[in-house]
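Analysis of the macromolecular model
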Amino acid sequence: MKWNNSNSKYLKIRVTLHESELEFNISPKSTGKYLFDLVCSTIGLRETWYFGLQFYSFFPNGRMRLSHWLKLDKKIISQKPEDVSKPLCFFFHTKFFPEDVEQELIQATTRRLFYLSVKATILNRSESNMNGNCFGDLCPSLDVAILLASLASQAEYGDVCEDELSDTEELTSLPRRIIRLIPAQLWTQVQSTQGVTQKFKEYYKSHKGMNRDKAELQYLKVAQIHHLFGVDFFPIVCVRMKCPRMSNLTRNFTQNEFTILHNTNKCQTNAWLGVTASGLQLYGKCQRDPPQFTFPWNLIKNVSYRERKVS
């Protein structure tokens, strides 16, 4: 789309973050990199390589939207063909994930942004994701969700208040501001509200004295251990494995390991492929279980993909 509005000298931009919203007036000739650098400098972010700007486009029926990453080397108006008289909306999101959040995320601002992003992703996952029917998302188990909620409460509200967490057995004994930190879909699995309340109290009390930064980092560590971020899951619908001696990926497998992998992948719904920063991982039917096999990137010679199909 060409810039042909002679009455407008600037392009109005609105960028939404998890805790704030930024507005800019920039030149219509600006590239994606200019806007991205402007956002990063405004929020004081130095570890910029993990993040990106995202925008959405809708199908004609208006019911389904597609997400797009803003390309840094191209002009903004060439990527987002909308009415430029109105503000163009972008969302600042996490684009890449480290292998180890504790060792690789150095800046406090980076950890804070990661925490907000991961927490929002976990809380906003739909029920279909919880059942493993959607790509790329995995809802935590109820026990893990309670632990994460206790860490989020410690990060946001500080040490536990004994008066607020009373000894009543009803679910309403947990304040609403704490209940919202557990995915709503998981409440359908609750058999005993007393058990949920008691377990939350135990976890919350164990975090006493932990400051916000440590609580947020611990939240990220727990989420990463349980594969709640940083892993894109793809269902394995057809597997044609060669002889172990002929396959690059399986050349280091024992015959027993190869037999296990072959049996795991017989059924279309029995296996998942996980793409991570460290390499490719093969999971069984349940994505919450540890990966059965891991292939580091330095052992993989050829990977091809088309849309969401990997081969």
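Scroll up to find the structure.
Residues numbered from 1 in each chain as written. Predicted model: local features only at pLDDT ≥ 70, side-chain atom pairs only at ≥ 80, totals over all residues. Heavy atoms only, no water.

Within the protein chain one finds ten helices and eleven strands. Counting the 311 residues in the protein chain, one finds 40% classified as buried. In the protein chain, the share of contacts with a sequence separation of at least 24, taken over all contacts with a separation of at least 6, comes to 63%. As displayed, the protein chain has an accessible area near 18,400 Å², and 50% of this comes from carbon and sulfur atoms. (Helix = DSSP H or I, 4+ residues; strand = E, 2+ residues; numbered from the N terminus. Buried < 20%, exposed > 50% of the residue type's maximum accessible area, 1.4 Å probe, protein only. Contact = heavy atoms within 4.5 Å. Areas by Shrake-Rupley, 256 points an atom, 1.4 Å probe, with all protein chains shown as cover.)

Turning our eyes to something else, we now look at the pattern of salt bridges. A full pass over the atoms with the stated rule returns ten salt bridges. Between Glu156 and Arg180 there is a salt bridge whose closest N-O contact spans 3.2 Å. Here Arg180 lies in the loop between α7 (176–179) and α8 (193–206) and Glu156 lies in helix α6 (residues 142–157), a separation of 24 residues in the sequence. The class for Glu156 is partly exposed, based on a relative accessible area of 29%. When its relative accessible area of 43% is taken as the criterion, Arg180 is described as partly exposed. Ionic contacts of the salt-bridge type, sharing partners, join the residues Glu19, Arg112, Arg212 and Glu216 into one network. (Salt bridge = Lys/Arg side-chain N within 4 Å of Asp/Glu carboxyl O.)

Moving on, we come to the sheet that holds strand β7 (residues 272–275). Ordered in space as β6-β7-β8-β9, the four strands form an open sheet in which the pairing is antiparallel. Each end of this open sheet is capped by a strand with a single partner; those strands are β6 (232–235) and β9 (293–296). Within this sheet the neighbouring strands show an average axis-to-axis angle of 20°, counted without direction. As paired elements, strand β8 (residues 279–283) and β9 share four bridges and run antiparallel to each other. Looking at β9, one finds that Leu280 is bridged to Phe295. (Pairing = 2+ DSSP bridges. Axes fitted to C-alpha atoms, helices over the stretch in contact; angles between N-to-C directions.)

Our focus in this paragraph is the nonpolar core. Core analysis: the biggest nonpolar cluster contains 58 residues, and Ile13, Val15, Leu35, Phe90 and Phe92 have the highest contact counts within it. Take this core: its biggest share by element is nine residues, from α6. Excluding its chain neighbours within four sequence positions, the residues that come into contact with Leu35 are Ile13, Val15, Phe24, Ile26, Leu53, Leu70, Ile76 and Phe90. Core analysis: the second largest hydrophobic core is formed by nine residues, Ala271, Leu273, Leu280 and Phe295 among them. (Core = buried A, V, L, I, M, F, W, Y, C linked by side-chain atoms within 4.5 Å.)

For the rest of this paragraph, the subject is the environment of Glu19. Position of Glu19 among the secondary structure elements: in the loop between β1 (11–16) and β2 (21–26). In the structure, Glu19 is positioned 97 residues away from Leu116 in sequence and 8.4 Å away in space, judged by C-alpha atoms. Apart from residues lying up to four places away in sequence, Glu19 is in contact with Arg112 and Leu116. Side-chain polar atoms of Glu19 contact the side chain of Arg112, separated by 2.4 Å. (Polar contact = N/O pair within 3.5 Å; in protein donor to acceptor, adjacent residues only side chain to side chain.)

Here the focus is the environment of Val118. Structurally, the position occupied by Val118 is in helix α4 (residues 108–123). According to the relative accessible area criterion, Val118 is buried, its value standing at 3%. Among residues more than four places away in sequence, those in contact with Val118 are Tyr219, Leu220, Ala223 and Phe229.

A few words on the packing of α4 against α6. Between two packed helices, the angle of one axis relative to the other and the distance separating the axes together describe the packing. Look at α4 against α6: their axes get within 12 Å of each other, and the N-to-C directions meet at 140°. Overall, the two elements α4 and α6 adopt an arrangement that is oblique. You can see that α4 and α6 cross each other, and the crossing is left-handed. For the pair formed by α4 and α6, the contact residues are Tyr115, Lys119 and Ile122 on the first element and Leu148, Ala152, Ala155 and Glu156 on the second. Classifying every residue of the contact of α4 with α6 by side-chain character gives five nonpolar, no polar and two charged. (Parallel < 35°, antiparallel > 145°, perpendicular 65-115°, else oblique. Left-handed = near helix turned anticlockwise from the far one by under 90°. Nonpolar A, V, L, I, M, F, W, Y, C, P; charged D, E, K, R; others polar.)

At their nearest, the axes of α4 and helix α9 (residues 212–225) sit 10 Å apart, and the two run at 50° to each other. Looking at the two axes, α4 sits oblique to α9. Between α4 and α9 lies a crossing of left-handed hand. Contacts from Arg111, Arg112, Phe114, Tyr115, Val118, Lys119 and Ile122 of α4 reach α9 at Arg212, Glu216, Leu217, Tyr219, Leu220 and Ala223. Its residues assigned to classes, the contact of α4 with α9 shows eight nonpolar, no polar and five charged.

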